[in-house]
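Examination of the molecular architecture
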Amino acid sequence: MLTLPLQLEAFAGLAAVGFAILFFFIIIITFIRRYKRCPSDRILVVYGKVGTGNSARCIHGGAAFIWPVIQDYEFLDLTPISIEVNLVNALSKQNIRVNVPSRFTIGVSTEPGVMQNAAERLLGLGQQEIQELAMEIIFGQLRLVVASMDIEEINNDRDKFLTNISNSVESELKKVGLKLINVNITDIVDESGYIEALGKEAAAHAINAARKSVAEKTRDGSIGEANAVQDERTQVAAANAQAVEGENTAKIAVANSDSLRRQREAEAERVAIASEKVQTAKALEESYSAEKAAEISRAERERSTQLADIIVPAEIDKRKVEIDAEAEAERIRRLARGEADAILFKAQAEAQGLYEVLTKQAQGFDQIVKAAGNSSQDAVLLLVADKLPELVKLQAEAIANIKIDKVTVWENGGTGKDGKTATSNFISGMYGAVPPLQEMFNMAGMQLPDYLKGKEIEGETTKEISEKKE
């Protein structure tokens, strides 16, 4: 028996081998699961790190290994998509609106370059989203094709119409990775009834051709009948002449003379009858031809009249309305643009002017503060001193602007306690009603300078000194 250390060592070796085998199998399974096969009705799009300058790698009908982490994949469905496109009121080359109901069958293309476009532009989109994208492209190209062709070409030459649609639509679908499989145009109609008028004109031509053919056959039958009657009468006359010749030998000269006379009379009558019928047939033929030409001329005249009286004026009126509407819209847009520019310019000018005024005021205040030794109170006093004449003037005008019509004073000439008369007290009281400068400064939160409010000098005010001088 093995000892315990040897058993542990053997178990560790077996575990390492088992782990290596398990890891190998995991790698094999991972590689197998990352190997993707592409069905015939799909396109395998590998994206991620697929090569320099390539956004994706497209595979149709094969398989590819998808590297983990650096690559991923998706499928593009190749199932055909049927789209019903009912184009309404499309303008033709003649400016006639037509309705073109049609059905288009499209699908994702498998061409190398176009398939790359599909991988870049359609990957991740649902079938409904692809259908809407294709419908927008088809609508635009179908309108362009209708606008480049006349109504007669669209109605009569359907092969050319379908070829133009296929070439125009397919070239645009290839840009997004799609291909055009089939196009079906059901019935083309127009609002003005132009196509219906073309059909009636073709039917009229066919009816006139049939009538002409019937007249020709009737003429040939009449001529053949006249020829048959002529042959019958000639043969009967010849048989009668042979019988009479055998029986009337003696009267051969008279019989010959009568026969010759009768033969000439019959020939003259035959020629007259045949000539009459031929002339009648020719007259009928010329009559039918004249009627046909007259009907054709009348139809052409009616069509030209309808075109000149209805379609052309309607087209002119429609174009005039469109031009007037476009001109009015352009005029309104230009007026609105001009008003907006004027408002903006005015606002910018006002803002610039206000900015300049405030800037200059700020610079002036800054210079005043610097002149006052950076003392805000002294700067304010400088501003007040500058405005002091105006303040005094306003204070004096407070009484001057009072309108007094008449003042009547009754006094007996006496004086009051202060030694002044009543008149002088009335005038000084009126002047005292004006706010003094000290109170105005106090309301503004500033101190009036001492030299303006009468500072005391050695116990006496400047007011008292002035009174003493008087």
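**Looking at the overall build of the chain**
- Helix and strand counts for the chain come out as twelve helices and nine strands.
- Each of the 470 residues in the chain was classed as buried or not, and the buried ones make up 17%.
- Counting only contacts in the chain whose residues sit at least 6 apart along the sequence, the fraction spanning at least 24 positions is 65%.
- As presented, the chain carries roughly 33,700 Å² of accessible surface, and 58% of it is formed by carbon and sulfur atoms.

**Side note on helix α7 (residues 252–371)**
- In this model, α7 (120 residues) spans 172 Å end to end at C-alpha, consistent with the 178 Å of a helix rising 1.5 Å per residue.
- Where α7 bends most, at L307, the angle is about 35°.

**Re the state of the cysteines**
- All chains considered together, the criterion is met by zero disulfides.
- Sulfur of C38: no disulfide; nearest cysteine sulfur belongs to C58 and is 9.7 Å away.

**Some words on the packing of helix α3 (residues 127–147) against helix α5 (residues 158–173)**
- Relative to each other, α3 and α5 sit at 140°, their axes nearing to 9 Å. The orientation of α3 relative to α5 falls into the category oblique. You can see that α3 and α5 cross each other, and the crossing is right-handed. Between α3, through A134, I137, I138, Q141, L142, V145 and V146, and α5, the contact on the second element is made entirely by F161, N164, I165, S168, V169, E172 and L173.
- Looking at the contact of α3 with α5, its residues break down into ten nonpolar, three polar and one charged.

**Looking at the layout of surface pockets**
- Roughly 770 Å³ of volume is contained in the largest pocket.
- Forming the walls of the largest pocket are 24 residues, and the residues nearest its centre are A237, A238, S259, R262 and Q263.
- At the level of elements, α6 (194–247) and α7 are the ones that each hand at least two residues to the lining of the largest pocket.

**Quick notes on the pairing of strand β6 (residues 81–91)**
- Bridge count for β6 against strand β7 (residues 97–108) is nine bridges, and the pairing is antiparallel. Counterpart to I83 in the pairing with β7 is F104.
- Linkage of β6 to β7, two consecutive antiparallel strands, is achieved through a turn of five residues, within which N95 is found at a positive phi near 60°.

**As for the packing of aromatic side chains**
- Evaluation of the coordinates by the stated rule reveals two aromatic pairs.
- Here the aromatic rings of F24 and F25 are separated by 6.3 Å at their centres, their planes lie at 70°, and the arrangement is edge-to-face.
- Ring plane angle 80° and centroid distance 5.9 Å describe the contact between Y73 and F75, whose orientation is recorded as edge-to-face.
- The partly exposed category is assigned to F75, whose relative accessible area is 28%.
- Seen from the ring of F75, R42 lies directly overhead, with NZ or CZ sitting 5.4 Å from the centre.

**Let's talk about the environment of I165**
- Tracing the sequence through the fold places I165 in helix α5.
- Between the C-alpha atoms of I165 and V146, which are 19 residues apart in sequence, the distance is 8.8 Å.
- Apart from the residues lying within four places of it in its own chain, the contact partners of I165 are F104, L142, V145, E170, V183 and I185.

**A closer look at the sheet that holds strand β3 (residues 56–59)**
- With antiparallel pairing, three strands are arranged side by side in an open sheet as β3-β2-β5. If you trace the sheet from one side to the other, it starts and ends with β3 and β5 (71–77), each paired once. The sheet shows a mean angle of 25° between the axes of neighbouring strands, taken without regard to direction.
- Both strand β2 (residues 42–48) and β3 contribute to a ladder of four bridges, which runs antiparallel. Each residue of the ladder has a partner; that of V45, found in β3, is C58.

**Remarks on unusual backbone geometry**
- Positive phi, normally seen in glycine, also occurs at N89, with a value near 60°.
- Here N89 is to be found in strand β6.
- In this structure N89 comes out as partly exposed when scored by relative accessible area, which is 28%.

**Examining the side chain of S168**
- Along the chain, S168 falls in helix α5.
- In this structure S168 comes out as buried when scored by relative accessible area, which is 17%.
- When residues no more than four places from it in sequence are discounted, the contact partners of S168 are Q141 and V145.

**Concerning the pattern of salt bridges**
- This structure, assessed with the given rule, holds 13 salt bridges.
- E315 is paired through a salt bridge with K318; the nearest N and O atoms lie 3.1 Å apart. Residue E315 and its partner K318 are located together in helix α7, separated by three residues, close to a single helical turn.
- With relative accessibility at 24%, the residue E315 sits in the partly exposed group.
- Of the charged contacts in the structure, one is a salt bridge between R334 and E330, with a shortest N-O distance of 3.0 Å. Separated by four residues within a single helix, R334 and E330 lie in helix α7, roughly one turn from each other.
- Owing to a relative accessible area of 26%, E330 belongs among the partly exposed residues under this scheme.
- Through salt bridges with shared partners, one network takes in E330, R333 and R334.

Rules used in this analysis
- Residues numbered from 1 in each chain as written.
- Predicted model: local features only at pLDDT ≥ 70, side-chain atom pairs only at ≥ 80, totals over all residues.
- Heavy atoms only, no water.
- Helix = DSSP H or I, 4+ residues; strand = E, 2+ residues; numbered from the N terminus.
- Buried < 20%, exposed > 50% of the residue type's maximum accessible area, 1.4 Å probe, protein only.
- Contact = heavy atoms within 4.5 Å.
- Areas by Shrake-Rupley, 256 points an atom, 1.4 Å probe, with all protein chains shown as cover.
- Expected span 1.5 Å × (residues − 1).
- Bend = angle between axes of the 7 residues up to and from the residue.
- Disulfide = S-S within 2.5 Å.
- Axes fitted to C-alpha atoms, helices over the stretch in contact; angles between N-to-C directions.
- Parallel < 35°, antiparallel > 145°, perpendicular 65-115°, else oblique.
- Left-handed = near helix turned anticlockwise from the far one by under 90°.
- Nonpolar A, V, L, I, M, F, W, Y, C, P; charged D, E, K, R; others polar.
- 1 Å grid on protein atoms, 1.4 Å probe; cavity = no way out; pocket = protein on both sides within 12 Å on 5 of 7 lines; lining within 4 Å.
- Points joined across faces, edges and corners; volume = space filled by probe spheres on them.
- Pairing = 2+ DSSP bridges.
- Phe/Tyr/Trp six-rings, centres within 6.5 Å; stacked < 30°, edge-to-face > 60°.
- Lys NZ or Arg CZ within 6 Å of the ring centre and 35° of its normal.
- Salt bridge = Lys/Arg side-chain N within 4 Å of Asp/Glu carboxyl O.

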